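# Remarks on the overall topology
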Amino acid sequence: MRIIKWGLCLIFCLSHSILVPAKDLCLPDQRDALSEFKNEFSVYELYSYTDGDKKTTKWRNNTDCCSWDGVLCDNKTGNVVELNLYDSDLNGPLRSNSSLFRLQHLQSLNLGYNNISGLLPESIGNLKYLRDLDLQYCSLFGNIPSSLGNLSHLTSLHLSDNDFTGELPDSMGHLNKLTELYIGQAKLNGKFPHVLFNLSSLTFIDLSNNQIKGTLPSNMSSLSKLETFAISGNSFSGTVPSSLFMIPSLTELYLGRNHFSGHLEIGNISSQSNLRTLYIGENNFIGPIPGFISKLVKLGHLSLSFWNTGGAIVDYSIFSFLKSLSVLDLSGIHLNISSTLHLPSPMEALILSSCNIAEFPKFIQNQTSLVHLDISANQIKGQIPEWLGRLSDLSYVNIAQNFFTGELAMLPDSIKYFIGSDNQFSGEIPRSICKLDLTYLTLSNNNFSGTIPRCFKNFNSSLEILHLRNNSLSGVIPEEIISDSLISLNVGLNWLSGKLPKSLINCTLLEFLNVEGNKINDRFPFWLSSLSDLQILVLRSNEFYGPISSPGDSLSFPKLRIFDISENSCTGVLPSEYFAGWSAMSSVIAIFDSDLGPGLSRNEYHRSVFVTNKGLNMELVGSVFSIYKTIDVSGNKFEGRIPESIALLKGLIVLDMSNNAFTGHIPSSLSNLTNLNSLDLSQNRLSGQIPSELGKLTFLSWMNFSYNELEGPIPQATQIQSQNISSFTGNPGLHGFPLQETSVQEEETTKQEQDEEKEEEDQVMSWIAAAIAYGPGFFCGLTISHILTSYRRDLFMKILHWFT
């Protein structure tokens, strides 16, 4: 009977729990705050190569907010204690009165990898229970608010990759529970923040890639719990205090790319040091490689790149004592590598760029665990050794800037990144390369001939970088080789013909396209405007033809920074609003940087293009691309007026519209181009006066208005009048300095020449008189010979005429 009662009771309880709806854990005020916070931001994908989760778009008011994506509540109180909206495509400012700050019980807040622009408000200090705060890779700027010092429970702070200015506020010295501080690449300046010495619990400090200068304090050992210290990429100077190496817990030390100098002298460092990573390359250290390094027996990663040994050659064998070494960078150090060298430790990454090596290091063939190999910029000759193809883990190989010859050898199947540019490889590009699963292939500046292999289509889902520039390749660019994943394509300076592949329209990630100096015969590719990430477009010196605009179509390149279609046969009139959608040239925008592989980032891969600046050809390489903005439409057949919309491009540095048939007046609105450094409008049919407003462009150091139909006075502004006379010639109606002064100088020069000629004639007449007076024919002949060799031929002919 008792069992039956218990059974009925259990059934009743279960049925009650099923029939009665569960109560939401979420509190109404918390739900309202979250809903309002959601509406404070637009949600869209800012960078097409990121894959944001858009968490807030899934929030529904009729559901428990504690079940919303990225939201975690306290099970007892229902208060929101964690909000994780990492990479959720949020766009907009974080306002000082944001509803976020009503979530007073937050312990963890992660808004990293969103476009949260503007100042970080002081209101952030109201979230007094925060333990973890992550705002990395946002678009925050201005000073770091002092109210952060109110967050006394904070243990982890991530503010990296923003645009902050100034120094860390003194109030951060109150964060005595802070263990991890990440403020790398945040544009901080000033000196080393002494406030950090108050934070005795710190285990991780990242201040890398800022603008901090000065010396490191001598009492670094007071940070006694420090495990990782990263300050690479700043402007620190002076010597490195030995106390830094005396911190027993220290395992990772990053001091590279600063201005540290002198000898690196460390006291009696313990053989029991826990240091596993030491990056001290790219400084101004001098002297021999420090002997204490051999005592760091746990060292796994070591960079001593560009150490100034005073010309001394370093024997590679000194690193054989480091039994745990797996990553080594000795770039810029002259090395002696014995052909019998054997290393006991299996290497994973070996960087020996610019080490004056004359032959391929043989010890590498036994490094079967090697993943990353860089022996670029040496003097290695001959062919790639056959054994390289047997290193089955090798993923990244850079052999650029050597003297490798012959055909390209078989590479390991594991290769994903291959840089073989600036060598002397010849023959056709081997079809065997198509068996690889390549992400990055650059063979620029070699002697390859033949056609681009059609089997490159095998890379269709993987290839991001393809650079074949400056070879002797011919034929067409095959449609099928264009990978949908392409970020950069450079096939300039070859003998390629045919049309531009329409399959490029599928390359939605494409940033860089260079086909300069070929024989491509095609209409201007309007369809490229659909590639919203395109930043650099170079079509110069080909056979493109026809108009570059069509009625009713807007040619918008929102991220384009280099537009070069010079030396083609493009025609037509550019509409007044032609440049209205070119927003990247209108202002400074941040270029998102992401990893492409070991040791490689999106802005570091080698890109090269020739542009015209100040009438001269110059080569742009690497990081210059992030700031250079130019439009070059010279050497075409454009007509009509210069589009007024070009005045919107305030970030423009170079504008070249020369050698066309533009008419009308020079727009005075060009004075809005405040960053303009070079302006070339020569060899057109422009009329009217040179706008005096151009004199306000303080950065404009070179301009050319020659061979137009301009008239009137040359403006008196210093920027204009400091130009050479050649900038104004070929305009009969122009007058004023420097043209006027040149005319006066020419008159004075002509008068001076006439006076000199008369004086010479008088002297010659004296010689003739002497010849007649003392006269046998022989002496007369000598006299005339002297005249012939001493005076101008035309004057001599006059004299000869007198005698005849």
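Residues numbered from 1 in each chain as written. Predicted model: local features only at pLDDT ≥ 70, side-chain atom pairs only at ≥ 80, totals over all residues. Heavy atoms only, no water.

Attention now goes to the overall build of the protein chain. For the protein chain, the count of helices and strands is six helices and 56 strands. A total of 804 residues make up the protein chain; the buried ones form 51% of that total. At a minimum sequence separation of 6, the contacts of the protein chain that also span at least 24 residues come to 51%. Looking at the protein chain as shown, the accessible area adds up to about 35900 Å², and 51% of this sits on carbon and sulfur atoms. (Helix = DSSP H or I, 4+ residues; strand = E, 2+ residues; numbered from the N terminus. Buried < 20%, exposed > 50% of the residue type's maximum accessible area, 1.4 Å probe, protein only. Contact = heavy atoms within 4.5 Å. Areas by Shrake-Rupley, 256 points an atom, 1.4 Å probe, with all protein chains shown as cover.)

The next thing to look at is the state of the cysteines. Scanning all chains against the criterion turns up three disulfides. Between the sulfur atoms of Cys26 and its disulfide partner Cys65 the distance amounts to 1.6 Å. Disulfide Cys26-Cys65: the torsion about the S-S bond is 90 degrees, which places it as right-handed. Of this pair, Cys26 sits in the loop between helix 1 (2-19) and helix 2 (28-39) while Cys65 is found in the loop between strand 1 (42-43) and strand 2 (71-73), placing the two residues 39 residues apart along the sequence. (Disulfide = S-S within 2.5 Å.)

A word on the sheet that holds strand 33 (residues 447-451). Spatial ordering of the open sheet is given by 27-29-31-33-35-37-39, a layout of seven strands whose pairing is parallel. The open sheet terminates on both sides in strands that have one partner only, identified here as strand 27 (381-382) and strand 39 (519-520). The sheet contact formed by strand 35 (residues 472-476) and strand 37 (residues 495-498) spans three bridges and is parallel. Note that in strand 37 the partner of Val476 across the bridge is Ser497. (Pairing = 2+ DSSP bridges.)

With that settled, the discussion passes to the packing of aromatic side chains. Scanning all chains against the criterion turns up 31 aromatic pairs. Ring geometry for Phe192 and Phe229: centres 6.2 Å apart, planes at 65 degrees, overall edge-to-face. Residue Phe192 is located in the loop between strand 12 (189-190) and strand 13 (204-206), and its partner Phe229 is located in strand 15 (residues 228-230); the two are separated by 37 residues in the primary sequence. No difference in accessibility class separates Phe192 from Phe229, as the two residues are buried. Plain terms: the ring middles of Phe456 and Phe459 are 5.3 Å apart, the flat faces sit at 45 degrees to each other, and that makes the pair tilted. Judged by its relative accessible area of 0%, Phe459 is buried. (Phe/Tyr/Trp six-rings, centres within 6.5 Å; stacked < 30°, edge-to-face > 60°.)

Membership of the largest hydrophobic core comes to 199 residues, with the highest contact counts inside it found for Phe229, Tyr316 and Phe456. Those elements giving two or more residues to this core turn out to be helix 2, strand 2 and strand 3 (80-84). Considering each element in turn, this core owes the most residues, three residues, to helix 2. In this structure Phe229 touches Phe192, Ile205, Leu216, Met220, Leu244, Leu250, Glu252, Leu253, Tyr254 and Leu255, once residues within four positions along its chain are discounted. (Core = buried A, V, L, I, M, F, W, Y, C linked by side-chain atoms within 4.5 Å.)

Quick look at the sheet that holds strand 55 (residues 709-713) now. Pairing in this open sheet of seven strands is parallel, and the strands run 41-43-49-51-53-55-56 from one edge to the other. Of all strands in the sheet, those with a lone pairing partner are strand 41 (545-547) and strand 56 (733-735), marking the two edges. Strand-to-strand twist in this sheet, taken as the mean axis angle between neighbours without regard to direction, amounts to 20 degrees. As defined by bridge partners, strand 43 (residues 569-573) adjoins strand 49 (residues 637-640) across three bridges and the pair is classed as parallel. Considered in strand 49, the bridge of Gly572 is made with Phe638. (Axes fitted to C-alpha atoms, helices over the stretch in contact; angles between N-to-C directions.)

A few words on empty space enclosed by the protein. In this structure the tally under the stated criterion is three cavities of 30 Å³ or more. Taken as a whole, the largest cavity holds about 60 Å³ of empty space. Residue lining of the largest cavity: Leu408, Ala409, Met410, Leu411, Pro430, Ser432, Ile433 and Leu436, and that is the complete set. Here the residues of the lining of the largest cavity sort into seven nonpolar, one polar and no charged. (1 Å grid on protein atoms, 1.4 Å probe; cavity = no way out; pocket = protein on both sides within 12 Å on 5 of 7 lines; lining within 4 Å. Points joined across faces, edges and corners; volume = space filled by probe spheres on them. Nonpolar A, V, L, I, M, F, W, Y, C, P; charged D, E, K, R; others polar.)

Counting through the fold element by element, Asp64 comes out in the loop between strand 1 and strand 2. For the pair formed by Asp64 and Cys26, sequence separation is 38 residues and the distance between their alpha carbons is 5.7 Å. Leave out the neighbours within four places in its chain, and Asp64 touches Asp24, Leu25 and Cys26. Here the side chain of Asp64 touches Leu25 through a polar contact of 3.2 Å, landing on its backbone nitrogen. Of the polar contacts made by the side chain of Asp64, one reaches the backbone nitrogen of Cys26; its length is 3.1 Å. (Polar contact = N/O pair within 3.5 Å; in protein donor to acceptor, adjacent residues only side chain to side chain.)

Further remarks concern the side chain of Asp656. Looking at the element boundaries, Asp656 is found in strand 50 (residues 654-656). Although Asp656 lies buried, it forms no salt bridge, and the closest oppositely charged side chain, Arg540, sits 7.7 Å away as judged by the N-O distance. (Lys, Arg positive; Asp, Glu negative; His and termini not counted. Salt bridge = Lys/Arg side-chain N within 4 Å of Asp/Glu carboxyl O.)

Further remarks concern the environment of Ser426. Note on placement: Ser426 falls in strand 31 (residues 424-428). The class of Ser426 is partly exposed, set by a relative accessible area of 29%. Along the chain, Ser426 and Thr405 lie 21 residues apart, while their C-alpha atoms are 6.8 Å from each other. For Ser426, the contacting residues outside a window of four places in its chain are Gly406, Glu407, Asn447 and Phe448.

Within the element layout of this structure, Ser530 appears in the loop between strand 39 and strand 40 (536-538). For the pair Ser530 and Asn506, spaced 24 residues apart in sequence, the C-alpha to C-alpha distance is 9.3 Å.

To continue, consider the pairing of strand 29 (residues 403-406). Remember that side chains alternate between the two faces of the sheet whenever the strand is regular. In terms of strand pairing, strand 27 meets strand 29 through two bridges, oriented parallel. Residue pairing in the sheet places Gly382 in a bridge with Phe404 of strand 29. Here strand 29 runs beside strand 31; their pairing, made up of two bridges, is parallel. By the bridge assignment for strand 31, Gly406 is matched with Phe425.

Turning our eyes to something else, we now look at helix 2. With twelve residues, helix 2 extends 17 Å from end C-alpha to end C-alpha; this agrees with the ideal 16 Å at 1.5 Å per step. All of the buried residues along helix 2 are Gln30, Ala33, Leu34, Ser35 and Phe37. In this structure, the buried side of helix 2 is in contact with strand 2 and strand 3. (Expected span 1.5 Å × (residues − 1).)

Turning our eyes to something else, we now look at the pairing of strand 14 (residues 211-214). The two faces of strand 14 differ: Ile212 and Gly214 on one face are buried, but Gln211 and Lys213 on the other face are not. The pairing of strand 12 with strand 14 spans two bridges and is classified as parallel. By the bridge assignment, Gly190 is partnered in strand 14 with Ile212. In terms of strand pairing, strand 14 meets strand 16 (residues 235-238) through two bridges, oriented parallel. In the strand pairing of strand 16, Gly214 is matched with Phe236.

Counting all residues, the mean pLDDT for the protein chain is 85, and 83% of those residues have values of 70 or more. Every residue in residues 588-604 scores below 50 in pLDDT, and together they form 39 contacts with partners more than four places removed in sequence or on other chains. Overall, residues 742-751 carries pLDDT values under 50, and its contacts beyond four positions in sequence, including any with other chains, amount to one contact. (pLDDT = per-residue confidence, 0-100.)

Attention now goes to unusual backbone geometry. At the junction of Phe737 and Pro738, the peptide bond is cis and its omega measures out at 5 degrees in the coordinates. The residue Pro738 is located in the loop between strand 56 and helix 4 (739-774) in this model. Residues other than glycine seldom take positive phi values, yet Asn209 does so here, at roughly 55 degrees. Here Asn209 lies in the loop between strand 13 and strand 14. For Ser541, which is not glycine, the phi dihedral falls at a positive 55 degrees.

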